[in-house]
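Descriptive analysis of the structure
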Amino acid sequence: GAGVSQSPSNKVTEKGKDVELRCDPISGHTALYWYRQRLGQGLEFLIYFQGNSAPDKSGLPSDRFSAERTGESVSTLTIQRTQQEDSAVYLCASSLPGGGYTFGSGTRLTVV
Amino acid sequence: GENVEQHPSTLSVQEGDSAVIKCTYSDSASNYFPWYKQELGKGPQLIIDIRSNVGEKKDQRIAVTLNKTAKHFSLHITETQPEDSAVYFCAARHPTTNYMRFGAGTRLTVKP
């Protein structure tokens, strides 16, 4: 597509529930990244996918977080047993190898 | 790993004045330094970038300078306008790291 698309744009969930966030990257972008942005703070790296290589999961904060990507298409970030500290904006970005990122508009997750 | 620090955290200027935001990085092997602008409720947008083989790059009212010896790079915005008001993030990428590390952000306010 023309840009990086993320859905939903907003998600309110109860503590303890699982949530799934979706990212549709720019067609042809082989690299896909997930970042977390807490209110008023910077971008925290979560996970990186490059083509069919094994993902770099070094930024995932706990085993409640996981992500998948099929080939060079859509990615989903899953948070199990959500906690209030998971409340944040989750940003997805895609790029060509070594190139700058194009970010989506993010999913604002609120855990109540 | 790479660590990026950004200053100041907030910056207020009068319309027409210049604004300068500075970032330092820790790993001298880092070779790509982009700047992103994030408006309220949106994802960050790439506004300018520089690679380590270049000392300065300009694009109309914005410029980025890189000092590899001191390991710092700066964003310069001249003739600021109210629409420049946003949060600006710097980032750095190490050639062996799959992802970029971001600074904590600078909230720029341009007063009319």
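Look above for the structure.
Since this is a predicted model, take the numbers as computed values, not measurements. (Residues numbered from 1 in each chain as written. Chains lettered and ligands numbered in written order. Predicted model: local features only at pLDDT ≥ 70, side-chain atom pairs only at ≥ 80, totals over all residues. Heavy atoms only, no water.)

Another point: the interface of chain A and chain B. On the chain B side, the residues contacting the 18 residues of chain A number 17 residues. For the pairing of chain A and chain B, the buried interface totals around 1,400 Å² over both sides, and the portion due to carbon and sulfur atoms is 55%. If you sort the residues of chain A by the area they bury against chain B, A:L43, A:Y101 and A:F103 come out on top, with a joint share of 32%. Here chain A and chain B share 0 salt bridges between them. Across the chain A-chain B interface, the total number found is 6 residue pairs in polar contact (both at pLDDT 80 or more). Put simply, the parts of the chain that give the side of chain A that touches chain B at least two residues each are strand 4 (31-37) and strand 5 (43-50) of chain A. (Contact = heavy atoms within 4.5 Å. Buried area = accessible area lost by both parts, 1.4 Å probe. Salt bridge = Lys/Arg side-chain N within 4 Å of Asp/Glu carboxyl O. Polar contact = N/O pair within 3.5 Å; in protein donor to acceptor, adjacent residues only side chain to side chain. Helix = DSSP H or I, 4+ residues; strand = E, 2+ residues; numbered from the N terminus.)

Let us look at the sheet that holds strand 7 (residues 75-79) of chain A. All names here are of chain A. One open sheet accounts for 4 strands, arranged 1-3-7-6; its pairing is antiparallel. Among the strands making up the open sheet, the edge pair consists of strand 1 (5-7) and strand 6 (65-69). Going across the sheet, the axis of each strand differs from the next one's by a mean of 15 degrees, ignoring polarity. For strand 1 and strand 3 (residues 19-24), the ladder comprises 3 bridges, and the chain directions are antiparallel. Across the sheet, residue S5 finds its bridge partner in strand 3, namely D24. (Pairing = 2+ DSSP bridges. Axes fitted to C-alpha atoms, helices over the stretch in contact; angles between N-to-C directions.)

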